[in-house]
Every structure is written in C-alpha cells, then in structure tokens.
Amino acid sequence: MKIKSEIRVYKGAPRLFVNDKLTMPSAYFMGGLGIPVQQEMIKNLSAQGIHIFTAPIDVGWHPVGTDEDKRFKNVMQETSALINADKQALLMPRLGLNAPDWWCKEHPDQLELFSDGRSDMFASWASKLWLNEACQALREFIEYCNKTGLAEHILGYHICVGASGEWCYNGCMRDDILDFSSPMRERFKEWLKETYKNEDELRKAWKDDNVTFETASVPSEEEQIKTDWFQFRDVSKGRKVVDFFACLNETSASSAPILCQVAKEACNGEKIAGVFYGYLATKAWNAGLFEPKGFVNHKFSAYQRSGHLALSRILKSSDIDFISSPYDYLFRNIGGVGDFMSMTESITQSGKLYWFEDDTRTHTYPGSLYGEAFSLDESISILRRNFGHNLTDYSAIWWMEQGIGDHSWFHSPEIQAELGRLNRIWEKSLELERTTPTAEVAVIFDEKGPMFESLNNNLDWAMIYKQRVYGLSRMGTPYRFHLLTDLVEGKMPNYKLYIFLNCFYLTDVERAEIDKKVKRNGNVALWLFGAGIGNETGLSLDNMTALTGIKFSSLDSVWELTCSIRNYNHPITQGLRADTFFGTDLRIGPIITVSDSEALTLGLLIFNQGRNEPGFAVKDFGDWKSVYSTAPNLPADILRNIARYAGCHIYSEANDVIYANQHFVCIHSVQGGNRRISLPKESDVWDVFAEKKIASSVKAFDVDIPSGSSQLYFMGDGFNIDKWLGVLGKGKTDDFIKEIR
C-alpha cells in the first residue's frame, strides 16, 4: 500500500497524518532489526500498538561503480526484517550523510580544519562538493526505495549530519577553533558579499579601511577568543568575529533544508523529512559533560561553534517537517527533569513537529550513566515524567534503544507494557484541542546572543543551562521556550512574565518591539546579567538602562556572581528562607550593580574586597514592572514569587517538577508527600495512571504523592474519559506481562 505522511496543524497543534489519518507519533529506535532478540522486541511493541520504528540505515554512499545491491543491502535487509516482525510497521530511516572515510581521503582539501592545522576527517559544511555528492547519495537511496517497493513501508526520512548526526560542528564540543578550510574561507567571502552591499559597508562594519571581499579572512584563533569588555564583544570596534560566527551557523542551517528538499523531491513530497537541530537550551555545555574528567580539559562553550544558532532559518524551510533532539543529559534521574534541548514553542508555532528522543538508561542496563535508573519503579517514573512533558507540550516521542537483549535499555516486560500504556493514553488525547494557552511565562533566548560574548564556558552555563535544569521546571507553573524572533515577528502569544535569558545585543527594531509588546498590561520582565548592554554604537550601561528602565554601575573586575537577599518584605522575596543565596562560583565580568534610587533593592551582590552592592532589584512603572538580577540561576522559590507577582497561576508550592497544559498536569516529585494542586479553573480531576476520578468541580485538590514518582492528572468535563478506563489500561498491562514472560 502506498504510504503518504505529512505534518498538519490539527486542533491547534502539529500532528502526524498517514494516508490522511491522524496517527500516533510514538516510535521506537533500535538497530539490528533482524537479530532474533530485536525481532522479539518489535513483536512485543507492536502488541502494545507501537508500529513506527526508526533505525540507523546505511544510505549507500559508496565509490562510483559500486554494485547497487551492495550499496542498498542494509536498507533492504532491515526493512524486510521489520515487516517480518510487524506487518503494520513503518520505518523512518536515520540516514547519516557525513562524508565516508574513503571520500575524506580522496578530498583532504574539503575537510573541516582547525586553527592548529588538524582535521577530524569530517567534510566542511561549506564544501559544495560534499553537499552535492551527499544530495546525490540521498536522492539515489530514496529512488531505490521507490522502485523496489520499500517506500511502501517508509514513514519518512531523518537526515543526520555532523557529530553524532546531530548537525553539530565536530570540533565544537572540544576547544577546537574552526573552520579554516578552503571551502569555509570561500563561503565566508560569499557570505560577506550577500550581507554587505559593497566593500565600503564591509570596511565600516569591520573598522578596517583595507579589507576587501577577496582579502577578508576567517578570524584567527586569537581573534575568536578575544573579547572587548570581559564577557562581551563590542561591535563598534569591528564585527569580524561576530560575522564569522553568523556565517558558520547559517552555513549549517542552509545545508539542512537543501538535503530535506532533495528528500522531498525524490519521494514526490509523499514522506516527511526532518533533522536534529536547535539545541539552544543546552549548548553551553562541551565535551566535559560527557567525559570522566569533566571540564578539566575543556574551557569553552559549544554555542558559538555549534552550528545551531540559526534555528529561525531552519523554521522557515517548508521542506523540514520535524525537528528532534534527545532530552538533556545532566540531571535525568529521579528528581531531575525531562527537559527539551530545543525551543519547542518556536518549533510548534512554525507548524513543525518536535520529536523528543527518550534515550533513558533504565535499570535493565546498570552502569550506563547519564541518569540511569536503579529500579523498575525509578525507570517507570522517569519514563512517565518525560511522557508527561511531551503530552503537555503536544510533542512527539520515540524511545531509543542502544543495547541488545539483556543489555538493552527496555528489555523488560514491565517497561514494554508501560510504553504501551503511555502510547494508549497519548492516542486517546490526540483529539484534544490546543486552543487555550496555559503557560503564562515566556522564556526567551536570542540565538545571536552567544556571538557577542566570550567563548568561555561560564555565564551561559549558569544563566541558561543550570537555570533551566534547577529552577524553571520547579517554579510551580509551566513556561514556554521562545526565540526572540518570535516576539519581534509577532508570532508569540501574550504572556504575563517574560524572562530574557541572553539578550545582550539588541537592535533598535528589537528594542522597539520589546517596548511595545512586553511593557504593558501589568506584565513583568525579568532581565539577567548584561541584558541589552550592546547595540551598534557599542557596549554601555546606558543601553541596559534604555531596555530595563533601571540605572546601573559597573566595576572592571572578574568575580563570582552571588546574591544575598536583603529585603524580605516584597512579594518577590516574602516567605524565602533567611539563608537564600543564589548565583554562580564561575568568574564573570564586568561586575554590574544597580545604582537606581527609584528601584527597590531586593538582594545584594557579594564580590571582591567584601563589597555588598545592589544586584537584585525591582522597579514598578505602573503599566509594567522591571526585575533585574546580576546573579544567574535564580532558585525556584524566587522564580515562583516573580511569577505570582506577575499574576501567573501557581499550581504547586512544593518545588516539584511541574508540566501542564489546559488538559493535563504532570508532577514529578523526588520528596513526595501531601500536595495541594491549584487549578486555573473549576474542574473535575482524574488520576490518569490510577484510572480513577479523584475530585469533582474543584479549583484545588489534595493528593498524597509517593516519593520518587510521577503523576498525571486530567482536568475537564471528562472528554469521555470513562471510556479510557480499562483501555489505558492496568488489566491490559498485566496480561501482556504474563504473556511475554
């Protein structure tokens, strides 16, 4: 049967349709589909209603003249094995399009090149030769699937390039400075010609009277590392480095749509195509997070060199249907978060499906690190937490298997049954409307922000990465992650609290849109370190004042940024513990303090020479309120108070992980105990996992939550939920476990 897949916006959210039928977007990743134990797994999952599988498939990029049967043997074998185990199965091949080793050896002049002359045998993404041949390999692969009938079993194509196939420049996770290859040098010159009308404009921007389009060079290692005022780059002294980082990231973002376009054309637009991309919530990390020695040998953030700082460009491509990522690796265990790496709200509002890769290391594979679970109960709790986040965010999910047999992550009847149960809950929720925004907090990331700051892994690690992991998900009210461009281009719904993470450099247009859309209706804006400090005229505290309405002073020094609460009488600080401190031990400069007699000081910044000066303050302008903190990583208690101050609904005061939309509330609690959950409106409440109604027509309900568990509650008039009971379903789960044991 011919298979046509597409992503449509249905009832307010991007949804997967197969042959015009609304289809569950749950899938399972595994390799070696023909291995007996994998065949067994496929059969077990199909019994649970999971029929979409994704697997690494050799795209068949071989030297010219290689026999076709040899080139495409892998896809033929894997697809046949999948269909043998599940006649209804659909495959989404994960296609690696990094240049093969033989190609790299034949074309050494096309490889990504580091400042010290090394190369890691990766083609530069600026290489037109690589892109052309990758496109040809992809086209021939899909044409082979079409003519052999394999396409009848294929859902779509997942296009993977870069480190781990995740569209990251290979050296970005280390301290390698890139890319000095001949293709990138030429691409940078082309980019400059596309960006500047003439060489006079280029010279003015670079503050270089002698540069031409032909003599412009990739910034040296020294230039890429150097900053002008501690953390920040001053574009009034030249845009060379900022321009190169923009070119580097846009080059990555221009290749992905081209490859997806080839895929769409080769299948006559009948299959979905997508990529890993937009890891903007996590790219403050580097390889230190993934190595035993940690950050000992790594000092730079991956942001500027990642290739991911052009998500807005990716979202404009009509050929990219879905964007995917794993979930964050730092704190996955019980008490941790199932947080997205990308800007999911920006993705969703662009009509694209966000596909969450759940590669949880369960208890079945001890010693696997990265937040592994230590028991069956922990495994199920983590899977439920992650599921709840995706359910409330209207995202898709695939569970990822990287082991085989007894060493697999999901080789457990109980876990397989749980996946089936989650799948059935999801299926029953597909018809729910996403018409009423639930989140009242917007967290805003500026994808150009990292280009204007130091490569050092300090500020963004605390202000973006840790802020999300430790504070935002525990503040008791949901938030949505947006690109700044959503606000500027009018794509963002109204919120009550706007948290600006890294908006260091803002154009006049961006400032005007923020003034227009944020500073009204009693809204609250929370600004963090260096907000608005830069524009085309340079770096200044006056720029910050123009944005925030608060006056500042600075000290040309580097120190840790730690705040101590001083005033406990304001709504933002009421109820806090007397020993409330927050910030980072990482050294950051300049030291920025508040020097505004009309602003109310809430906390003092503690820094060298025993200085204690205002660093956390609020200023009420009547129709809006401005809150500023020099110290990053605000704790959940303070974020919750700021949200309440902005008029946001607070579901819980307990610092549990909370995910919610208009239909569901998911709570993940490491502590457990009695909880009062407040609802935004009167409603019936159903405990989804317990399959029972627990309250009628209430605006709040009390529950006793077991320690280390994840709970899911449905709010509404029932949505025929009575029909869910027994279908979701505990009895079905127990029968399945008995059968496969």
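Here the structure is a predicted model, which means the values were calculated and not measured. (Residues numbered from 1 in each chain as written. Predicted model: local features only at pLDDT ≥ 70, side-chain atom pairs only at ≥ 80, totals over all residues. Heavy atoms only, no water.)

**Student:** Help me understand the overall build of the protein in this model?
**Tutor:** When helices and strands are tallied, the protein shows 19 helices and 29 strands. The C-alpha radius of gyration of the protein comes to 26 Å, within 12% of the 27 Å expected for a compact globule of 741 residues. For the C-alpha atoms alone, the extent of the protein along its principal axes is close to 75 × 70 × 45 Å. Taking all 741 residues of the protein together, the buried fraction comes to 64%. (Helix = DSSP H or I, 4+ residues; strand = E, 2+ residues; numbered from the N terminus. Rg over C-alpha atoms; globule rule 2.2 N^0.38 Å. Buried < 20%, exposed > 50% of the residue type's maximum accessible area, 1.4 Å probe, protein only.)

**Student:** Is there a simple way to explain the nonpolar core in this structure?
**Tutor:** A general tendency of soluble globular proteins is for nonpolar side chains to be buried together. Core analysis: the largest hydrophobic core is formed by 241 residues, its most contacted members being W130, L259 and W355. Counting residues per element, this core draws most heavily on helix α9 (residues 240–266), which supplies 14 residues. Apart from residues no more than four positions distant in its own chain, L259 is found in contact with L97, W130, L131, A134, C135, L138, I159, V161 and W167. Grouped together as the second largest cluster of nonpolar side chains are 15 residues, A660, V685, F701 and M715 included. (Core = buried A, V, L, I, M, F, W, Y, C linked by side-chain atoms within 4.5 Å. Contact = heavy atoms within 4.5 Å.)

**Student:** What is the right way to look at the packing of aromatic side chains in this model?
**Tutor:** Any pair of aromatic rings gets described here by the distance separating the centres and the angle formed by the planes. Throughout the structure, instances matching the rule amount to 39 aromatic pairs. A ring pair is formed by F340 and F356, whose centres lie 5.6 Å apart and whose planes are at 80°; its orientation type is edge-to-face. In this pair, F340 sits in the loop between β9 (322–326) and α11 (344–349) while F356 sits in strand β10 (residues 353–358), placing the two residues 16 residues apart along the sequence. The exposure class of F340 is buried, given its relative accessible area of 5%. In this structure F356 comes out as buried when scored by relative accessible area, which is 0%. (Phe/Tyr/Trp six-rings, centres within 6.5 Å; stacked < 30°, edge-to-face > 60°.)

**Student:** Where do I start with the sheet that holds strand β3 (residues 21–23) in this structure?
**Tutor:** In sheet architecture, strand pairing relies on hydrogen bonds along the backbone and comes in two forms, parallel and antiparallel. Reading across the sheet, the three strands line up as β1-β2-β3 and stay open at both edges, with antiparallel pairing between neighbours. Two strands in the sheet have a free side with no partner beyond their single neighbour: β1 (5–10) and β3. If you compare each strand with its neighbour and ignore which way they point, the axes differ by 50° on average. Summarising the sheet, strand β2 (residues 13–18) and β3 pair through three bridges and their orientation is antiparallel. Within β3, the position partnered with F17 by the bridge is L22. (Pairing = 2+ DSSP bridges. Axes fitted to C-alpha atoms, helices over the stretch in contact; angles between N-to-C directions.)

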